[in-house]
Amino acid sequence: MASYNKHQAFVEHITEGVHNFTSDATCTPTVALTVAASAPVTTNSVLADLTQISYTNLSARVITVTSSSQSSGTYKLVLADLVLTASGAVATFRYVDVYNDDPTSPADPLIAWYDYNGDVTLASGETFTIDFDATNGFFQIA
């Protein structure tokens, strides 16, 4: 099972209004894929801090927000699972990072990443499902 890791700057970005998960105009969660040699770290804050694989032969990486709501003082963001489909050979990756593709200041702020604990390879026609937790959400703030 992949392990969830939060980028430290995400907390600051939330309080500064960088992310608005209820509006398509201000938040487009998107996936970035990186290799073991370029592992994300908690102090990375924007997409430019990562070394991504080439997305040639790979389907769209935009994630759909299923719900964004608060109940009894706890906010929860739920994301729809994302299925990546290869239409040819895809570069090997290990980490799946989620960032917001909309803001320009800071540009493409990072949110969190998953470590799949080993290399992932996709041949043409294969799929890779990023399974976001529908019960507990992508993240919660209490």
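Everything quoted here is computed from the prediction, not taken from an experiment. (Residues numbered from 1 in each chain as written. Predicted model: local features only at pLDDT ≥ 70, side-chain atom pairs only at ≥ 80, totals over all residues. Heavy atoms only, no water.)

Here we come to the layout of surface pockets. Reported here for the largest pocket is a volume of approximately 220 Å³. Forming the boundary of the largest pocket are M1, A2, Y4, Y114, Y116, I130, D131, F132, D133, G137, F138 and F139. Class assignment of the residues belonging to the lining of the largest pocket gives a composition of 9 nonpolar, 1 polar and 2 charged. (1 Å grid on protein atoms, 1.4 Å probe; cavity = no way out; pocket = protein on both sides within 12 Å on 5 of 7 lines; lining within 4 Å. Points joined across faces, edges and corners; volume = space filled by probe spheres on them. Nonpolar A, V, L, I, M, F, W, Y, C, P; charged D, E, K, R; others polar.)

This part takes up the pattern of salt bridges. What the rule picks out here adds up to 1 salt bridge. For the salt bridge of D115 with R94, the shortest nitrogen-to-oxygen distance reads 2.8 Å. One end of the pair, D115, is in strand β7 (residues 110–122); the other, R94, is in strand β6 (residues 90–100), and 21 residues separate them in sequence. (Salt bridge = Lys/Arg side-chain N within 4 Å of Asp/Glu carboxyl O. Helix = DSSP H or I, 4+ residues; strand = E, 2+ residues; numbered from the N terminus.)

In this section: the environment of L50. Within the secondary structure, L50 is located in the loop between β2 (29–34) and β3 (65–71). Spatially, the C-alpha atom of L50 lies 29 Å from that of A142, the residues being 92 residues apart in sequence. Ignoring any residue separated from it by four or fewer positions in sequence, one finds L50 in contact with A32, T34, P40, N44, D97 and L110. (Contact = heavy atoms within 4.5 Å.)

Before going further, it helps to examine the nonpolar core. Ranked by internal contacts, the top residues of the largest apolar core, which has 29 residues, are F132 and F138. Considering every element that reaches this core, the biggest residue donor is β7, with 5 residues. What F138 contacts, discounting residues up to four positions off in sequence, is Y4, L77, V78, L79, V98, I111, A112, Y114, F132 and D133. If you look at the next biggest cluster of nonpolar residues, it comprises 5 residues, including A32, L47, L50 and Y99. (Core = buried A, V, L, I, M, F, W, Y, C linked by side-chain atoms within 4.5 Å. Buried < 20%, exposed > 50% of the residue type's maximum accessible area, 1.4 Å probe, protein only.)

Hydrogen bonding along the main chain pairs the strands of a sheet, whether they run parallel or antiparallel. On the basis of which strands lie adjacent, the open sheet formed by 3 strands has the order β3-β4-β9 and antiparallel pairing. Edge positions in the sheet fall to β3 and β9 (139–141), since each of these pairs with one other strand and no more. Here the average twist between neighbouring strands, direction ignored, is 10°. Note: β3 against strand β4 (residues 74–79), 6 bridges, orientation antiparallel. (Pairing = 2+ DSSP bridges. Axes fitted to C-alpha atoms, helices over the stretch in contact; angles between N-to-C directions.)

Right, let's get into the packing of aromatic side chains. Any two aromatic rings considered together are summarised by their centre-to-centre distance and by the angle between their planes. Tallied over the full model, the rule gives 12 aromatic pairs. An angle of 70° between the planes, with centres 5.1 Å apart, marks the rings of F10 and F139 as edge-to-face. Of this pair, F10 sits in helix α1 (residues 9–15) while F139 sits in strand β9, placing them 129 residues apart in sequence. Under the relative-accessibility criterion, F10 is labelled buried at 3%. On the basis of an interplanar angle of 45° and a centroid distance of 6.4 Å, the ring pair of Y114 and F138 is categorised as tilted. On the criterion of sequence distance, the pair formed by Y114 in strand β7 and F138 in the loop between β8 (127–130) and β9 is long-range, its members being 24 residues apart. Just as Y114 is buried, F138 falls in that class too. (Phe/Tyr/Trp six-rings, centres within 6.5 Å; stacked < 30°, edge-to-face > 60°.)

By themselves, these observations are geometric and do not establish any function.
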